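So you can see what is in the structure, the chains are spelled out below.
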Amino acid sequence: MLSRPRSTIAEIARVFATLSLGLAVTVASSVTAFAQSVPVVRDAEIEALVRDYARPIFRAAGLANDGIDIVLVNDSSFNAFVTGRRLFINTGALMMAETPNEIIGVIAHEAGHIAGGHQQKLRDQLERAKTMAIIATLLGAGAMVAGATTNSRGLAGAGMGVAAGGGEMAQRSILAYQRTEETTADRSAITYLNATGQSGMGMLKTFARFQSALSLSGTQVDPYRISHPMPQERIANLEVLVKQSPNVGKVDPPALQQRHDMMRVKIAVYMEGQAAGSRLMRKMQGTLAGLYGDAQSTYLYGNIAAALAKTNALIKAQPRNAYFQELRGDILMKANNPKDAAEAYVRAVSLDPARSGLLPVSLGQALMAIGTPDSLKKAVAQINNGLGRDKENSIGYRYLAQAYGELGDIPGAELATAEGHFYSGNYKDAKIFAMRAQQQMKRGEPRWIRAQDIINYKSSGKI
Ligand SMILES: [Zn+2]
């Protein structure tokens, strides 16, 4: 499930952002706002799909063993960027892309930046970020003044001229600065797409969209456009490369396109609201993705019994789809039926090809809700299982602490709380809880040692 209905995701988010970004912040919408918080969203289905998009590309780029994490950002604008060993992608970008190929192309371009070591040049990057912040301000100012001129001429009109002129100048200097890196990343992207037998048309389509004047209209400017200036010449060069490729006419496999459609409709329904969900569903009418969106929308905004019936129909159509089982579990939790929810989550966990750490945590929550001593013990095992796969899921530690608490294991609860704070980047509280946990533990036992690790941790800003 996606973040909205439970409090989980947005909370993980803020924290997660502070973890490792530090100075390595690169391209972002308004750079200052970005540095403070990136609203990360977690979702087993979407994470698995984007990883499936990225895996062959990373392999072709020689990055397969670099352990690059993919992080979804809850933001409806188009953006994708790399910091350190994390690739960030906005949900807005995933929703705007009509085909997997469009996203794969953007990932290929970003992989080109990683493989080219472009992110290592920290000082350059910071310089760039500063300039981009100025640009963002200028673009914002330009849009505001443009609004004013519709009612009056004179001063406001003059102001717009000044703002636009300044923007152009700054933009020209950015273009010169970035040209080499962007050209390199474009060429690398084509190499990776060719090596994996995929077309560059999606990348071209995406970039051409940013090149068009249209993306400058309105009040919202997509961050990707600001960080990736698309001069006509660059698009033209890219077009030549794309069309030379023997893969130019290749399209995504239908099964992948279907997963992509299901992802888009999920983002629309959960993140953009009921109306946006309905709009997209109308375009997908009669398809499995359309029915999926309908079931999710019914779960979030409608009738639980109807949502369950619709989800059961989906499961009938694709019995081995882990995320349909997950949705069934979510619905049954909302219906206050944790026993059946747990059964659905058990199936979701066993069917999930990506072995997401999120699903065992959902199963653990259902087992906690059953509330017997036996199910609480099982809950602890499942949540630990999930955290073993995904130790940065700081919300998981909250449930773990609660389960330990209900079992009367207070030091266990304190240590889980310490871990949650630790992976949230909140080292001060992590140490406080680790010390409290230690007071009730035997010196030298494994849990005591883990608590000691947290106490000894020197925060360098990176984990
Ligand atoms: Zn780029």
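Please refer to the structure placed before this passage.
A brief report on the enclosed structure follows. (Residues numbered from 1 in each chain as written. Predicted model: local features only at pLDDT ≥ 70, side-chain atom pairs only at ≥ 80, totals over all residues. Heavy atoms only, no water.)

1. Here's the deal with the overall build of the chain
- Looking only at helices and strands, the chain has 22 helices and 4 strands in total.
- For the chain, long-range pairs separated by at least 24 residues make up 66% of all intrachain contacts whose partners lie at least 6 apart in sequence.
- Counting only carbon and sulfur atoms, one obtains 56% of the accessible surface of the chain, whose full area is about 20500 Å². (Helix = DSSP H or I, 4+ residues; strand = E, 2+ residues; numbered from the N terminus. Contact = heavy atoms within 4.5 Å. Areas by Shrake-Rupley, 256 points an atom, 1.4 Å probe, with all protein chains shown as cover.)

2. Focus on the pattern of salt bridges
- What the rule picks out here adds up to 19 salt bridges.
- One salt bridge in this structure joins Lys-266 and Asp-43, with 3.0 Å as the shortest N-O distance. One end of the pair, Lys-266, is in helix α11 (residues 254-272); the other, Asp-43, is in the loop between β1 (40-41) and α3 (44-60), with 223 residues separating them in the sequence. Grouping residues by exposure puts Lys-266 and Asp-43 together as buried.
- The partner of Arg-86 in a salt bridge is Glu-392, with the nearest N and O atoms 2.7 Å apart. Residue Arg-86 is found in strand β4 (residues 86-90), and its partner Glu-392 is found in the loop between α18 (373-389) and α19 (394-406); the two are separated by 306 residues along the sequence. The burial state of Arg-86 is the same as that of Glu-392; both residues are buried.
- Several salt bridges share partner residues, and in doing so they unite Arg-42, Glu-47, Arg-51 and Asp-390 into one network. (Salt bridge = Lys/Arg side-chain N within 4 Å of Asp/Glu carboxyl O. Buried < 20%, exposed > 50% of the residue type's maximum accessible area, 1.4 Å probe, protein only.)

3. Quick word on the nonpolar core
- Counting residues in hydrophobic clusters, the biggest one holds 112 residues, and the most contacted among them are Val-50, Leu-94 and Ile-107.
- Those residues within four positions of Ile-107 in sequence are excluded, and the remaining contacts are Val-50, Tyr-53, Ala-54, Ile-57, Phe-58, Leu-87 and Ile-89.
- Grouped together as the second largest cluster of nonpolar side chains are 6 residues, Val-40, Val-71, Val-73 and Phe-81 included. (Core = buried A, V, L, I, M, F, W, Y, C linked by side-chain atoms within 4.5 Å.)

4. Quick word on the pairing of strand β2 (residues 69-73)
- Most of β2 is tucked away: 4 of the 5 residues are buried.
- The pairing of β1 with β2 spans 2 bridges and is antiparallel. In the strand pairing of β2, Val-41 is matched with Leu-72.
- Bridging between β2 and β4 involves 5 bridges; their strand directions are parallel. Note on β4: the bridge partner recorded for Val-71 is Phe-88. (Pairing = 2+ DSSP bridges.)

5. Observations concerning the pairing of strand β3 (residues 80-83)
- Burial along β3 is two-sided: Ala-80 and Val-82 and Phe-81 and Thr-83, pointing in opposite directions, are all buried.
- Looking at chain direction, β3 and β4 are connected through 4 bridges and run antiparallel. Within β4, the residue paired with Val-82 across the bridge is Leu-87.
- The loop that links β3 with its antiparallel partner β4 comprises 2 residues; one of these, Gly-84, has a positive phi angle of about 55 degrees.

6. Comments concerning helix α16 (residues 338-351)
- Between the first and last C-alpha of α16 there are 19 Å, a value that for 14 residues agrees with the 20 Å anticipated at 1.5 Å per step.
- Of all the positions in α16, only Pro-338, Ala-341, Ala-342, Ala-344, Tyr-345, Ala-348, Val-349 and Leu-351 are classed as buried. (Expected span 1.5 Å × (residues − 1).)

7. Points about the packing of aromatic side chains
- Within the structure shown, the criterion is met by 7 aromatic pairs.
- Ring centres of Phe-81 and Phe-88 lie 5.0 Å apart, and the angle between their planes is 5 degrees; on these two criteria the pair is classed as stacked. The same class applies to Phe-81 as to Phe-88, namely buried.
- Both rings, one in Phe-422 and one in Tyr-457, keep their centres 4.9 Å apart while their planes meet at 80 degrees; by these two values the pair is edge-to-face. Highlighted residues: Phe-422 in helix α20 (residues 410-423) and Tyr-457 in the segment after α22 (446-456), separated in sequence by 35 residues. Comparing Phe-422 with Tyr-457, the two get one shared label, buried. (Phe/Tyr/Trp six-rings, centres within 6.5 Å; stacked < 30°, edge-to-face > 60°.)

8. Side note on unusual backbone geometry
- Backbone geometry places Asn-336, a non-glycine residue, at a positive phi of 65 degrees.
- Structurally, Asn-336 is set in the loop between α15 (322-334) and α16.
- On the accessibility criterion, Asn-336 (68% relative accessible area) is exposed.
- Positive phi outside glycine occurs at Arg-355, with the angle close to 50 degrees.
- Position of Arg-355 among the secondary structure elements: in the loop between α16 and α17 (358-370).
- The exposure class of Arg-355 is exposed, given its relative accessible area of 54%.

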